[in-house]
Amino acid sequence: MPDSHKVKVALVGNPNAGKSSLFNYLTGLNQKIGNFPGVTVDKRTGQAQLPNGQVIDLLDLPGTYSIYPRSMDEQVVVDTLLNENAADYPDVVIVIVDASNLKRNLLLFTEVHDLGIPVILALNMMDVASQKGLDINATALSRVLEVPVVSINARTGAGLDRLKNALTIPLGPVTPPLYDVLALAPEAIEETKKQLELDHNYKAYQYLINSPTLPSLNGDGESIAKHIIQKHDLEVRVIQAHETLERYSMIDGILAKVLSRKPTQEQRQFSNKLDRVLTHKLWGYLIFFLVLFLMFQSIFAWAEPMMDFIDLTFSALSDFVGSVLPDGILNRLITEGILPGIGGIVVFIPQIAFLFAFIAILEESGYMARAVFLMDKIMRKFGLNGKSVVPLISGVACAIPAVMATRNIDNWKDRIVTIMVTPLMSCSARLPVYTILIALVVPSTSVLGFFSLQGVALMGMYLLGFIAALLSAYVMKLIMKMKERSFFLMELPIYRMPRWKNVGITIVEKVKTFVFEAGKVILAISIVLWVLASYGPGDALTNAEETVKKESTHLNLSEEEMNDRVASYKLEHSYAGYLGKVTEPVIAPLGYDWKIGIALITSFAAREVFVGTIATIYSVGSAGEDNTTIRQRLEKEKNPKTGGPMFTPAVAFSLLVFYAFAMQCMSTIAIVYRETKGWKWPAIQLIYMSALAYLSALAVYNLLS
Amino acid sequence: MRTVADMRPGERGTVTGFSDQELSIKLLEMGVLPGTEVIMKIIAPFGDPVCIEVSGYNLSMRKNEASTISLL
């Protein structure tokens, strides 16, 4: 039950000011991710306990440079801070600032302060500031601003006790604004206050300058604001620029009282030298490529033993449960449906953990921004944007957060193109499909002594997806005609050691999301599939044994061969079998049979279901007493027409290419619908990706067979 | 008029104004203020984007954005 008396505290700050670290320190793993109402911006909330035992609700707002948004993420900040009636409206705001960059960071602080919400200023990165020769007098700053100022270190957690203590002290009266905007447009602000029944200059001003996007304005208020702007002939942009300049000159005045500079040697030598290498026209790209290569090699090499272990554990578990439970439907549901289904979820955990560890480290260290900087010119040639690099790289993990990450791209066309091609990047759901098929047909020999050939093949699949994404973007750039400004302004943060706690929390968070969100779907589908594969129309299944025995009396089969025949007869005449048969004519040119057809159908819900489906189908389809691993089952599968193995290189590579390009993910379609606010783009995406997948798989199968 | 886009790596300059109103608001917020000193830090391979040091931090922008910031 939500406690309405709990104090709500919001965290606000510039990007890279250490906001997430502070949030992680305050809440630990006691946090959850939701959505802000009406938009798909991630909302991180959590709880923290204060020294006096009081528990507070913490809300982590997206990083922003000012309360004037230039993206949907930033919009959330002003929406939350302006709407007093909203459930998220905070009682207190902690503004975290980068002390080494105090002037720019204080701009946001003064804006938030002037909205009339009680504020605590958290001075972070004092160590970096003193390295730069900046000496900040926190006590004097607190006196000038008339708010509590606490110096903290969000990397080490130092000073957090003082911050928590500051939260226990009852809030004093809200101090007058640091800068009164009234002088910028006196009549208009007074009139807005009167008509919208506001008593606050800066809030009234927000309705004039920031409208029509503010949610707390009803349709009426919006037209009132517009009317006032017209009536007083307000030049909104000029006023806004003026406000920013005035605020900065006020901040200069404050800094003169609290900040002293000691002459120091340039302390950012290291960062500068590193930048010279990492953004070099040769070394820069080489290192970028090497980072990606290392990422994929390690995902393959480090995760595989763990995955094998999980795979074996689950087949042993099925074996054990099968022998303990009495024979019957329940036994088969557990050993053939539920356990393989759960195994198919758990087996992904090592890969997802490694992938997110890498992405978190790249972001934490500051390298991701350099990758964006390095790639912008090239990406623009293909109709993308340097900022598309982050969604595309995140797309390697999962298209859903990646599509959501495109919100940082302010240009609509760049954003649409990025959304359209991001699902071509090989997401982690394809990884198990790739892993199992590559392991099946690519020998595990090593190249040059230390690269595994399978690792190289895996990287090839990722490159294939990336190249397809670039080329599709290029085609879309030629087709789509849209003229809109795009801004690139981006801070290059200094390089820092990643904060391992943050990396750890990211990993736990992503694995949890996967297991509980995607896992639910996978488990449900596994069970549905087991039912479809175990039951069929009419009494074909109940009479299966008799029918098969009658048909094959002349063949003189051993008991085991007979059991196998019965099992595959049953599968063929099950609901799943009929479903697969329907698709067979369509997929036969690609080299697939109806069993793979079943897997393709279920993969539409989520690609990772492929492995589980294949495992279920082949375990139902074979009557062997002992449970074998998934790979062994695939190896044993025979092509009924040729008598050879079903998964020849031609079929395996055709499937690999199909999975690389096909839009087989309901969740992605749903998120694209939400992000583009219509069915047009998801429909186009589904059609072009399906066509690309089918034609490419057809070409590969025919070239190799 | 000379702009940030004309600067060579290592060169210093003082901002005098902006030629693009919409972009200027964002630049102001990011601490690119008239009278502020900027240093050209990095020019990306292929000449675009560029990275300047301003108000004590590194800010990257595209060349066409840099060309809206006029220098003394």
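Every value quoted in this text rests on a predicted model; they were computed, and no experiment measured them.

Colleague: I would appreciate a short explanation of the UniProt feature "domain: Ferrous iron transporter FeoA-like" (unreviewed entry) in chain B in the present structure.
Modeller: According to UniProt, the "domain: Ferrous iron transporter FeoA-like" (unreviewed entry) feature falls on residues 2-72 of chain B. Overall, residues 2-72 of chain B shows 18% helix and 38% strand. The separation of its end C-alpha atoms is 7 Å.

Colleague: Got a minute to help me understand unusual backbone geometry in this structure?
Modeller: Most peptide bonds adopt trans geometry, and most residues besides glycine take a negative phi value. All names here are of chain B. In the segment running from aspartate 48 into proline 49, the intervening peptide bond is cis, with an omega of -10 degrees. Here proline 49 shows up in the loop between β2 (37-43) and β3 (50-54). Not every positive phi belongs to a glycine, and phenylalanine 46 is a case in point at roughly 70 degrees. Here phenylalanine 46 shows up in the loop between β2 and β3. Of note in the backbone geometry, serine 55 takes a positive phi value of approximately 45 degrees without being a glycine. Locating serine 55 in the fold gives a position in the loop between β3 and β4 (57-61). By relative accessible area, which is 22% here, serine 55 ends up partly exposed.

Colleague: Would you mind showing me how to read the side chain of glutamate 364 of chain A here?
Modeller: Structurally, glutamate 364 of chain A is set in helix α14 (residues 349-365). Residues contacting glutamate 364 of chain A, with those up to four places away along its chain left out, are Arg496, Pro498, Arg499, Asn502 and Val503 of chain A.

Colleague: Just checking my understanding: could you explain the packing of aromatic side chains for this structure?
Modeller: The geometry of two aromatic rings is summed up by the distance between their centres and the angle between their planes. Scanning all chains against the criterion turns up 9 aromatic pairs over all chains. Here the aromatic rings of tyrosine 202 of chain A and tyrosine 205 of chain A are separated by 5.7 Å at their centres, their planes lie at 15 degrees, and the arrangement is stacked. Of this pair, tyrosine 202 of chain A and tyrosine 205 of chain A both sit in helix α8 (residues 201-209), 3 residues apart, which is roughly one turn of that helix. Here tyrosine 202 of chain A matches tyrosine 205 of chain A in class, with each residue buried. Considering the side-chain rings of tryptophan 530 of chain A and tyrosine 535 of chain A, the 6.3 Å spacing of their centres and the 85 degrees angle between planes classify their relative orientation as edge-to-face. Connected via pairs of aromatic rings, a cluster forms that spans Tyr592, Phe610, Phe658 and Tyr659 of chain A. For arginine 104 of chain A, the ring lying beneath its charged end belongs to tyrosine 57 of chain B, and the centroid distance is 4.1 Å. The positively charged end of lysine 581 of chain A is found above the aromatic ring belonging to tryptophan 594 of chain A, 4.9 Å away from the centroid.

Colleague: What am I meant to see in the pairing of β3 of chain B here?
Modeller: Within a regular strand, side chains alternate between the sheet's two faces. Residues and elements named next belong to chain B. With 5 of 5 residues buried, β3 lies mostly within the body of the structure. Every second residue of β3 is oriented toward a common face, with Val50, Ile52 and Val54 on one face and Cys51 and Glu53 on the other, all of them buried. Here β2 pairs with β3 via 5 bridges, running antiparallel. Bridge pairing in β3 places valine 38 opposite valine 54. Where β2 hands over to β3, the hairpin turn is made up of 6 residues, of which phenylalanine 46 adopts a positive phi near 70 degrees.

Colleague: Looking at this model, I keep getting lost on the pattern of salt bridges. Mind explaining?
Modeller: Side chains that carry opposite charge are capable of pairing whenever their charged atoms lie near each other. Residue and element names in this part refer to chain A. On inspection of all chains with the given rule, the structure shows 20 salt bridges over all chains. In this structure, arginine 104 and glutamate 491 form a salt bridge, with 3.1 Å as the shortest nitrogen-oxygen distance. Of this pair, arginine 104 sits in helix α3 (residues 102-114) while glutamate 491 sits in strand β12 (residues 490-492), placing them 387 residues apart in sequence. Both residues of the pair, arginine 104 and glutamate 491, count as buried. Among the salt bridges present, the one from arginine 380 reaches aspartate 376, with a minimum N-O distance of 3.1 Å. You can see arginine 380 and its partner aspartate 376 sitting in helix α15 (residues 367-381), 4 residues apart, about one turn around the helix. Taking relative accessible area as the criterion, arginine 380 reaches 24% and is therefore assigned partly exposed.

Colleague: Could you clarify how one ought to interpret a nonpolar patch on the surface in this entry?
Modeller: Residue and element names in this part refer to chain A. A cluster of nonpolar residues, Val277, Leu282, Trp283, Leu286 and Leu290, forms a patch on the protein surface that exposes about 470 Å² of accessible area. The element that contributes the greatest number of residues to the nonpolar patch is helix α12 (residues 283-324), accounting for 3 residues. As for its position among the elements, leucine 290 is in helix α12.

Conventions adopted
Residues numbered from 1 in each chain as written. Chains lettered and ligands numbered in written order. Predicted model: local features only at pLDDT ≥ 70, side-chain atom pairs only at ≥ 80, totals over all residues. Heavy atoms only, no water. UniProt positions renumbered as here; feature names shortened; annotations may be inferred. Helix = DSSP H or I, 4+ residues; strand = E, 2+ residues; numbered from the N terminus. Buried < 20%, exposed > 50% of the residue type's maximum accessible area, 1.4 Å probe, protein only. Contact = heavy atoms within 4.5 Å. Phe/Tyr/Trp six-rings, centres within 6.5 Å; stacked < 30°, edge-to-face > 60°. Lys NZ or Arg CZ within 6 Å of the ring centre and 35° of its normal. Pairing = 2+ DSSP bridges. Salt bridge = Lys/Arg side-chain N within 4 Å of Asp/Glu carboxyl O. Patch = residues over 30% accessible without salt bridge, like charges linked within 9 Å, V, L, I, M, F, W, Y side chains within 5 Å. Areas by Shrake-Rupley, 256 points an atom, 1.4 Å probe, with all protein chains shown as cover.

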